[in-house]
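Here is what each chain is made of, one letter per residue.
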Amino acid sequence: MIGLKGTLNVIDNSGALLIECVNVLKQKVNNGWGGVGDEIVCVVKRARPIATASGSNVVKVRRGDVRRAVIVRTKKSVRRPDGRYIKFDDNAAVLLNNKREMLGTRIAGVVSADLRMKGWGKIVSLAPKVI
């Protein structure tokens, strides 16, 4: 469950390392808390340093940028339909652009299988491991 001022790790190669949630974008369910598969508005708190050599590493975000993201892992346990509870060691997200497309091209880390049911199949297909 991610709410206002919640911090998440970024697990794509967009250039951001740490983000802070400022708004949860979804229907007025669950009183402003976001779970796996929910879209949030966030501020980049920590980003990779920008390389000076042209063409080496194109960093797509800077510190202080306001972006959208989708939550892919939460510390809060989530109940699956078969009765199992799944929880992760950290909160993580993947950055999006305004067209709901991924900002990065790779995902480095485990994501939840619940993303596929919520319409984020592209993220699931790029992830190295799905739990």
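Here, every reference points to the structure presented above.
The following refers to the structure shown. (Residues numbered from 1 in each chain as written. Predicted model: local features only at pLDDT ≥ 70, side-chain atom pairs only at ≥ 80, totals over all residues. Heavy atoms only, no water.)

1. Some thoughts on the overall build of the protein
A count of helical and extended segments in the protein gives 2 helices and 9 strands. In the protein, the succession of helices and strands from N to C terminus is β-β-β-β-β-β-β-β-α-α-β. The C-alpha atoms of the protein give 14 Å as radius of gyration, which agrees with the globular expectation for 131 residues (14 Å, within 12%). Each principal axis of the C-alpha distribution contributes one length, and for the protein these read about 50 × 30 × 25 Å. A burial count over the protein gives 43% of its 131 residues as buried. The contacts of the protein with a sequence gap of at least 6 include a subset with a gap of at least 24, amounting to 53%. Here the protein has roughly 7800 Å² of accessible surface; of this, 49% comes from carbon and sulfur atoms. (Helix = DSSP H or I, 4+ residues; strand = E, 2+ residues; numbered from the N terminus. Rg over C-alpha atoms; globule rule 2.2 N^0.38 Å. Buried < 20%, exposed > 50% of the residue type's maximum accessible area, 1.4 Å probe, protein only. Contact = heavy atoms within 4.5 Å. Areas by Shrake-Rupley, 256 points an atom, 1.4 Å probe, with all protein chains shown as cover.)

2. Looking at the pattern of salt bridges
Tallying each qualifying case throughout the model produces 7 salt bridges. Across the pair Arg80 and Asp114 runs a salt bridge, and its minimum N-O distance is 3.0 Å. Of this pair, Arg80 sits in the loop between strand 5 (78–79) and strand 6 (85–86) while Asp114 sits in helix 1 (residues 114–117), and the two are 34 residues apart along the sequence. Neither residue differs from the other here; Arg80 and Asp114 are each classed as buried. A salt bridge links Asp82 to Arg84, with the shortest nitrogen-to-oxygen separation between them at 2.9 Å. (Salt bridge = Lys/Arg side-chain N within 4 Å of Asp/Glu carboxyl O.)

3. Some thoughts on the sheet that holds strand 2 (residues 16–25)
Read around the closed barrel, the 5 strands follow the order 1-2-3-4-7; overall the barrel is mixed. Between one strand axis and the next, the sheet turns by 55° as a mean value, whatever way the strands run. (Pairing = 2+ DSSP bridges. Axes fitted to C-alpha atoms, helices over the stretch in contact; angles between N-to-C directions.)

4. Here's the deal with the nonpolar core
As a rule of thumb, nonpolar side chains are buried together in soluble globular proteins. Of all hydrophobic cores here, the largest spans 16 residues; its most connected members are Leu8, Ile19, Ile40, Ala69 and Leu95. At the level of elements, strand 1 (7–10), strand 2, strand 3 (39–47), strand 4 (66–73) and strand 7 (92–96) are the ones that each hand at least two residues to this core. Setting aside residues up to four positions removed in sequence, Ala69 forms contacts with Ile19, Asp38, Glu39, Ile40, Cys42, Ala93, Val94, Leu95 and Leu96. (Core = buried A, V, L, I, M, F, W, Y, C linked by side-chain atoms within 4.5 Å.)

5. Here we look at the side chain of Asp90
For Asp90, the position within the fold is in the loop between strand 6 and strand 7. Among the polar contacts made by the side chain of Asp90, one reaches the side chain of Asn9 at a distance of 2.8 Å. Polar side-chain contacts of Asp90 include one of 3.0 Å to the side chain of Arg73. If sequence neighbours within four positions are ignored, Asp90 has contacts with Asn9, Arg73, Thr74 and Lys75. (Polar contact = N/O pair within 3.5 Å; in protein donor to acceptor, adjacent residues only side chain to side chain.)

6. Re unusual backbone geometry
Of note in this structure, Lys5 is not a glycine but carries a positive phi near 70°. Among the structural elements, Lys5 can be located in the segment before strand 1. A relative accessible area of 56% places Lys5 in the exposed class. Its identity is not glycine, yet Arg100 carries a phi of approximately 65°, on the positive side. Here Arg100 is to be found in the loop between strand 7 and strand 8 (110–111). A relative accessible area of 46% means that Arg100 is categorised as partly exposed.

By themselves these figures say nothing about function.
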